[in-house]
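Survey of secondary and tertiary structure
Here's the letter readout for the chains.
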Amino acid sequence: MANSKFEYVKLYESDDRLLPRTYIVIRVDGRGFHQFSKKYDFEKPNDLNALNCMNKAAEGVMRNVQDVFLAYGQSDEYSFVFLKDTNLFERRASKLMSTVVSTFTANYIHAWSQLFPNNPLDGNFLPTFDSRAVMYPDVQSLKDYFSWRQADCHINNLYNTTFWTLVQKGQLTPHDAQTKLIGTLSADKNEILFTDFGINYNNEPEMFKKGSILRWEKLDHKYPKNPTKRQLDKYRKSVRDAKINILHCDIIKDEQFWNDVLAEEDTAATTTPTS
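Now for a quick tour of the structure. (Residues numbered from 1 in each chain as written. Predicted model: local features only at pLDDT ≥ 70, side-chain atom pairs only at ≥ 80, totals over all residues. Heavy atoms only, no water.)

Section: the overall build of the protein chain
Each helix and strand in the protein chain was counted, giving 9 helices and 6 strands. Looking at the protein chain residue by residue over its 275 residues, the buried ones come to 43%. A fraction of 77% describes how many contacts in the protein chain between residues 6 or more apart in sequence connect residues 24 or more apart. A total of about 15,200 Å² of accessible surface is found on the protein chain, and carbon and sulfur atoms cover 51% of it. (Helix = DSSP H or I, 4+ residues; strand = E, 2+ residues; numbered from the N terminus. Buried < 20%, exposed > 50% of the residue type's maximum accessible area, 1.4 Å probe, protein only. Contact = heavy atoms within 4.5 Å. Areas by Shrake-Rupley, 256 points an atom, 1.4 Å probe, with all protein chains shown as cover.)

What about the sheet that holds strand β3 (residues 77–82)?
Across the sheet, 6 strands lie side by side as β4-β1-β3-β2-β5-β6; this open sheet has antiparallel pairing. Each of the sheet's edge strands pairs with one partner strand only, and the pair in question is β4 (129–136) and β6 (244–247). For this sheet, the mean inter-axis angle between neighbouring strands, taken without regard to orientation, is 20 degrees. With 4 bridges joining them, strand β2 (residues 68–74) and strand β5 (residues 212–216) adopt antiparallel strand pairing. Of the residues in β5, the one forming a bridge with Leu70 is Arg215. Across the sheet, helix α2 (residues 48–64) lies against β2, β3, β4, β5 and β6, angled at about 30 degrees from β5, the strand it touches most. Set on the sheet, helix α3 (residues 93–115) makes contact with β1 (23–30), β3 and β4; between it and β4 the angle comes to about 135 degrees. (Pairing = 2+ DSSP bridges. Axes fitted to C-alpha atoms, helices over the stretch in contact; angles between N-to-C directions.)

Notes on the pattern of salt bridges
Following the criterion strictly, the structure yields 14 salt bridges and no others. The closest approach of N and O atoms between Asp29 and Arg132, which form a salt bridge, is 3.3 Å. In this pair, Asp29 sits in strand β1 while Arg132 sits in strand β4, placing the two residues 103 residues apart along the sequence. For Arg132, a relative accessible area of 38% translates into the label partly exposed. (Salt bridge = Lys/Arg side-chain N within 4 Å of Asp/Glu carboxyl O.)

Looking at the nonpolar core
If you look at the biggest cluster of nonpolar residues, it comprises 36 residues, and the most contacted ones within it are Phe80, Phe82, Phe104 and Tyr108. For this core, the elements supplying multiple residues, two or more each, are β1, α1 (33–39), α2, β2, β3, α3 and β5. Take this core: its biggest share by element is 8 residues, from α3. Excluding residues that lie within four positions of it along the chain, Phe82 makes contacts with Tyr23, Ile24, Ile26, Val65, Asp67, Val68, Phe69, Leu88, Leu96 and Val100. (Core = buried A, V, L, I, M, F, W, Y, C linked by side-chain atoms within 4.5 Å.)

Examining unusual backbone geometry
With an omega of 5 degrees, the peptide bond running from Lys44 to Pro45 counts as cis. Tracing the backbone through its elements, the reader meets Pro45 in the loop between α1 and α2. In the Ramachandran plot, Asp41 falls in the positive-phi region, its phi being about 55 degrees despite a non-glycine side chain. Structurally, the position occupied by Asp41 is in the loop between α1 and α2. For Gln171, which is not glycine, the phi dihedral falls at a positive 60 degrees.

Given below as structure tokens:
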């Protein structure tokens, strides 16, 4: 309704465009997932199907929000990195956050029915997520962000593995297990697992210890700038059809991983359609 007398209300909208030439990271977090995991009786300390549900949801985001080139997830959170030169939604934070979190939630609910066929979602207790947008000015800041999240994954998983082992195998109450772990370091937790229960933490599944990294296996980014609608449609189809690799590697120490990822991002940033 162009030029109507009501159009003045648009003046109340704030300009929330994010800074140019920065890496935009949208992080999605589960809301009330402690209670959610209890409601649906997740296996402790890690529920493989629940983690795979998160991975499926993240894959849905990457296929539907084409300027995302890397994602990392652990527990009930996922982080999505946009191409540094993206102009998707004119870099408006509200649009980027709402698109990512709504796409993630929709795909999570869709994947749930496949992974939990005998545990349907209760309409009064559905999974919900929030999101935030953070800008990182350079590669080192981006690497440090992911290193922080993976270190958090390791710390939390070691604690949870030890805690639930004390409860499930050591017959301690949750309160007693928590008390026993107060003030312990990583070495102490590893010692409890190995000496008391014969568990070598190093042999635990890599996904539990390191989280999940999503990367495109191969994409054709060789479209010209300012593409025609037909070229843009072809590009988006190539994204939907491409394979996404799920890795469980050390992104803190593995420099080659980052060399490969950023080489791909540089290629994509100069040629990927962004509108």
